[in-house]
Amino acid sequence: MKRKIATMKTFLLWNKLALIAWVLVISACAKNELPEIEDDEDGYYVTMTVNGERVEYKSGVTALLSEAPDETIDYQQFSLTVAGSGSMKGKEALSLNCFVYDSWKPNKKYENTFEPDETTGSADKQDQIDLHYLNEALAGQYVFVMNDSFQTGSAHVILKEVTSTYIKGTFHGVMARGLLPYSTPQGNVVNLETPLVIDGEFYASNR
């Protein structure tokens, strides 16, 4: 009986020592790997001013840059989105969608352009920058507010750094119009009494 108890104690002691050793190994590995491990959204952000008031997002930020133009597609698309939260969950707090008829170049400003040809009236193949914005206060009245896509210079974007994992840049927009959740005799797009001027910068996950 004593021998059996001694054997059991030895077995428990070895288990305890093995557990301690395992914890030490895991801790060492964690220390070595910690600098390379990042949360999916760790550090990503959109910071901007809306009529001078600071607004900041630190979650739900993603960006996407399509392939450069080729023989089949003559434009390149860039998009930046911020997912809504709280009562706006399921909506986008910010949406920036851009189509440019060129390859995006670092530090080059791409602006919304609408200059119809004097003869044909066509405004085909001109850079289009659409910026949509929504917050809790605006959500009570609009689906979102937006820049005027028929006005040259109403929005612009500059991509400062593009890698396979992230994109950094800045953007600007004059939000002069709002999309209503219902239709009126004049339609469902109205002019804002006081336009919102947005200037922002972003560091976003490239997905």
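Higher on the page you've got the structure.
Residues numbered from 1 in each chain as written. Predicted model: local features only at pLDDT ≥ 70, side-chain atom pairs only at ≥ 80, totals over all residues. Heavy atoms only, no water.

Novice: Please clarify how the overall build of the chain should be interpreted in this entry.
Specialist: A tally of helices and strands in the chain yields 2 helices and 11 strands. Going from N to C terminus, the chain has its helices and strands arranged as α-β-β-β-β-β-β-β-α-β-β-β-β. Here the chain, with 207 residues, has 31% of them falling under the buried criterion. Look at the contacts in the chain between residues 6 or more apart in sequence, and 60% of them connect residues 24 or more apart. Just so you have it, the chain exposes about 13,400 Å², and 54% of that area is on carbon and sulfur atoms. (Helix = DSSP H or I, 4+ residues; strand = E, 2+ residues; numbered from the N terminus. Buried < 20%, exposed > 50% of the residue type's maximum accessible area, 1.4 Å probe, protein only. Contact = heavy atoms within 4.5 Å. Areas by Shrake-Rupley, 256 points an atom, 1.4 Å probe, with all protein chains shown as cover.)

Novice: Help me understand the packing of aromatic side chains in this model?
Specialist: By convention here, two paired aromatic rings are described through the distance between centres and the angle between planes. Counted by the stated rule, this structure contains 10 aromatic pairs. Residues Trp104 and Tyr110 carry aromatic rings whose centres are separated by 4.5 Å and whose planes lie at 50° to one another, so their mutual orientation is tilted. A single burial state applies to Trp104 and to Tyr110, both of which are buried. Linked through ring pairs, Phe78, Trp104, Tyr110, Phe171 and Phe202 together constitute an aromatic cluster. For Lys168, the ring lying beneath its charged end belongs to Tyr203, and the centroid distance is 5.1 Å. (Phe/Tyr/Trp six-rings, centres within 6.5 Å; stacked < 30°, edge-to-face > 60°. Lys NZ or Arg CZ within 6 Å of the ring centre and 35° of its normal.)

Novice: I'm lost on unusual backbone geometry in this one. Help?
Specialist: Despite not being glycine, Asn51 shows a phi value in the positive range, around 50°. The residue Asn51 is located in the loop between strand 1 (45–50) and strand 2 (53–57) in this model. Given a relative accessible area of 43%, Asn51 falls into the partly exposed group. Positioned with a positive phi, Asn107 is a non-glycine residue whose angle comes to about 65°. Mapped onto the elements, Asn107 comes out in the loop between strand 5 (92–100) and strand 6 (109–111). Note on Asn107: relative accessible area 51%, which makes it exposed.

Novice: In this structure, what is going on with the pairing of strand 7 (residues 128–133)? I would like to understand it.
Specialist: For a regular strand, the rule is simple: side chains alternate between the two faces of the sheet. Pairing analysis gives 6 bridges linking strand 5 to strand 7, with the strands arranged antiparallel. Bridging across to strand 7, Asn97 finds its partner in Asp130. Here 2 bridges tie strand 7 to strand 8 (residues 144–147), and the two strands are oriented antiparallel to one another. Each residue of the ladder has a partner; that of Tyr133, found in strand 8, is Val145. (Pairing = 2+ DSSP bridges.)

The values reported here are purely geometric and, on their own, carry no functional implication.
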